[in-house]
Amino acid sequence: MTEPPPTPFVADDGAVVITGICGRLGRRLARKLHRQGRVIGIDRRSFPDRPADVEHHELDLRSARVRDIFRDGVRALVHLGVVHDPRGDTAEHHASNVAGLQKLLEYVEYFGVPKVVLLSSANVYGPRPDNPQFLGEDAPLLGAGPFSRIRDLVELDMCAQSFFWRLSAVQTVILRPTHILGTVRNAPSNYLRLAVVPTLLGFDPMLQAVHQDDVVRAIMLALAPTARGIYNIAGPPPVPLSRVIELLERQTVAVPHTVARLGVERLFRWRVTSFPAPELDFIRYVCMIDDSRARRDLGYAPAHGLVATLCAVDEERWLG
Amino acid sequence: MAEKSALARFTDVATGRGLPLLRRMLAGAERVVDEVTERLLGTDFEERFRVLADRYEQLGGDPFGFNPEAVRSAALASAFFHRAYFRTDVYDVDRVPAGRVMLVANHSGQIPIDAAIIGCALFFDANPPRITRAMVDKWAATLPFVSTFFSRMGQVVGLPENARRLLDMGELLLVFPEGMRGVSKPFDERYQLQEFGRGFMRLALETKTPIVPVAVVGAEEQYLSFGRVSWAARAFGLPVFPLVPQVLLPGGQLPLPTKYRLFFGEPLYFEGDPDDAAAVADKVYLVREAVAHILRRGLAQRRSIFL
């Protein structure tokens, strides 16, 4: 692992509000940011081992008390609080996600917060057989077509985009990282943590992944005063799925797609697996992004190589 | 003197005469396999393979999934079709300039064997060897094994973004501007160039890429198609369903062993505005004429379909 370059973010007097701070990514970001300035967290969950100088509010984003947090000197909002639970009530999630962001943007506008960073995902483009090998930031967001649970994310992304165009005074940054690997509990990391990794018979798409700390660094770069716009965030060069599994030394079992689809649908309904069936497309088709804009404009470059990125999923494997 | 038992006598014969004989036979078979392999792959296969492997090692891997090791494993089968089955004659392959270049060829033969044979010519006969990056239909990306195989062999889904990226990498791009119209022609339309798409020309103008016209003679006769059945194509979800009765015969699934001839033309250099539709159409016409001309000359030269 190479030493990451120094981050340009220098705190002034304002605070950085992080929503969803209790997620694994949020906690990592808080640990990095609190040394540079005030950090305020908003999350419905509690943050038991938080650094002493991190102010934390256990609130729903739609709560009226969130408004009070923005009242005094907030210099940036980092929105990580996108609820994504494949099991949860879709309508409730949708309402909380969209209304939550809507409210936050309202406060940003009202109190003149100069910076908003939204962590979206490259999943909004969706894996498709006719995807170009590398999708640019202008590619259409077709992810929700076969996989309706990505609809929330697409809508949040769109919401932030319209905010970006409407209010040019606010520096809005939308980050669309590819599969984030690490101790985070997301689908790609959970998938690679399986003892036996199922693959689709005859499919071996090229994959990208990015280390969780590289995403944290990208967020910090996005907090720099000049950054605004939409940026794809990728990690080391892409490799085939089979190579990923080989490097992680996992056992693998290849399943024909039709069988896998029916099987995963059943297992999901019986609550045996937490992978929804449409996610199978991610190990079937390419969904890779071109992050040259982030490299050029933000000065972003992944500090973790391929092996370090992949092995990050095992970091807390035995700690529970 | 005690008589030797039958088993002991058999053992004597087996070790004395049988084993050396078997060993000689095995060695002979091995020699034949080696000879055939060398005849097919050529003596310089390892060298050619090294050139490719080094290039992609320097590039830090191919983002489209091309794997030189896959070329090695597919080399023998490809060489068999290239050198023994279709006995390809390759003319003027040295006209292909180094660096990024676009080959524009006529498309025929129901299944894209012509692309594979052009790929073989560029690997086995060109100096230095090159990998041909062809554009495949996005339908192929939905097929298990096929999609993976294409990707490992350096083929990419046919999209302008992918083509541009490959050209920026300095790759050799194979384009069939006739597309599906060309490959699924019925037999009575053989060697009649279909309408050319214009995307390749816009791309060539944008990236300032030289175009080498290529004529493939021999692919039209490998599968005799009597027409296209559109309802069957719809029913099976295929892009096209050609009517090829020969596949019903035993062994008819293999293409007929016609003789392939590949003719490479002089590289063409174009300049101009890629958004000027009329000018682009004119330039596409020039390329189409160049391919048609080489094709006509190649056909006139041919004395037999199979020899």
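Residues numbered from 1 in each chain as written. Chains lettered and ligands numbered in written order. Predicted model: local features only at pLDDT ≥ 70, side-chain atom pairs only at ≥ 80, totals over all residues.

S.K.: What exactly am I supposed to notice about the overall build of chain A here?
M.R.: Of the regular secondary structure elements, chain A holds 10 helices and 13 strands. Its C-alpha atoms give chain A a radius of gyration of 19 Å, within 12% of the compact-globule value 20 Å for 320 residues. Each principal axis of the C-alpha distribution contributes one length, and for chain A these read about 55 × 45 × 40 Å. (Helix = DSSP H or I, 4+ residues; strand = E, 2+ residues; numbered from the N terminus. Rg over C-alpha atoms; globule rule 2.2 N^0.38 Å.)

S.K.: Even after reading the chapter, I still don't get the overall build of chain B, so can you show me in this structure?
M.R.: Regarding its fold elements, chain B presents 10 helices and seven strands. Taking the principal axes of its C-alpha atoms as reference, chain B extends roughly 105 × 50 × 40 Å.

S.K.: Sorry if this is basic, but what is going on with the interface of chain B and chain A here?
M.R.: When the parts come together, some accessible area is lost, and that loss is often what is quoted as the size of the interface. Contacts between the two partners involve 18 residues from chain B and, on the opposite side, 15 residues from chain A. Within the residue set of the side of chain B that touches chain A, elements represented by two or more residues are α5 (146–152), β4 (156–157) and α6 (160–168) of chain B. Per-element tally for the side of chain B that touches chain A: the top contributor is α6(B), with three residues. Among the residues making up the side of chain B that touches chain A, the classes are represented as eight nonpolar, seven polar and three charged. (Contact = placed C-beta atoms within 7 Å. Nonpolar A, V, L, I, M, F, W, Y, C, P; charged D, E, K, R; others polar.)

S.K.: Just checking my understanding: could you explain the pairing of strand β1 (residues 15–19) of chain A for this structure?
M.R.: Every regular strand shows the same layout, with side chains that alternate between the two sheet faces. Residues and elements named next belong to chain A. Along β1, five of the five residues are buried, which leaves the element largely enclosed by surrounding structure. Here β1 shows no split at all, with Ala15, Val17 and Thr19 on one side and Val16 and Ile18 on the other all buried. As defined by bridge partners, β1 adjoins strand β4 (residues 74–79) across five bridges and the pair is classed as parallel. Bridge pairing links Ile18 to Val78 in β4. Pairing between β1 and strand β2 (residues 39–43): four bridges, direction parallel. Each residue of the ladder has a partner; that of Ile18, found in β2, is Gly41. (Buried ≥ 20, exposed ≤ 12 C-beta atoms within 10 Å, placed from the backbone. Pairing = 2+ DSSP bridges.)

S.K.: Mind showing me how you'd approach the nonpolar core here?
M.R.: Where a protein is soluble and globular, its nonpolar side chains tend to be buried together. Counting residues in hydrophobic clusters, the biggest one holds 150 residues, and the most contacted among them are Ile219(A), Leu103(B) and Val214(B). Broken down by element, this core gets its largest block of residues, 10 residues, from helix α4 (residues 113–125) of chain B. Setting aside its immediate chain neighbours within four residues, Ile219(A) contacts Leu29(A), Val78(A), Val117(A), Leu119(A) and Leu175(A). (Core = buried A, V, L, I, M, F, W, Y, C linked by C-beta atoms within 7 Å.)

S.K.: What am I meant to see in the packing of helix α3 (residues 68–85) of chain B against α4(B) here?
M.R.: When two helices pack together, their arrangement is captured by the angle between the axes and the distance separating the axes. Residues and elements named next belong to chain B. Two numbers describe how α3 lies on α4: the axes approach to 10 Å, and their chain directions differ by 95°. Our classification of the angle between α3 and α4 gives roughly perpendicular. In this structure, α3 uses Ser78, Ala79 and His82 to contact α4, whose residues at the interface are Ala116, Ile117, Cys120 and Phe124. Of the residues contributing to the contact of α3 with α4, the split by class is five nonpolar, two polar and no charged. (Axes fitted to C-alpha atoms, helices over the stretch in contact; angles between N-to-C directions. Parallel < 35°, antiparallel > 145°, perpendicular 65-115°, else oblique.)

S.K.: Help me understand the packing of helix α1 (residues 6–41) of chain B against α3(B), please; the structure alone is not making it clear to me.
M.R.: Residue and element names in this part refer to chain B. At their nearest, the axes of α1 and α3 sit 8 Å apart, and the two run at 70° to each other. Between α1 and α3, the angle falls in the class roughly perpendicular. Here the hand of the crossing between α1 and α3 comes out left-handed. On the side of α1, the interface is formed by Thr37, Leu40 and Leu41, while α3 contributes Ala75, Leu76, Ala79, Phe80, Arg83 and Ala84. Among the residues forming the contact of α1 with α3, the class breakdown is seven nonpolar, one polar and one charged. (Left-handed = near helix turned anticlockwise from the far one by under 90°.)

Fair warning: the whole summary comes from geometry, so function is off the table for now.
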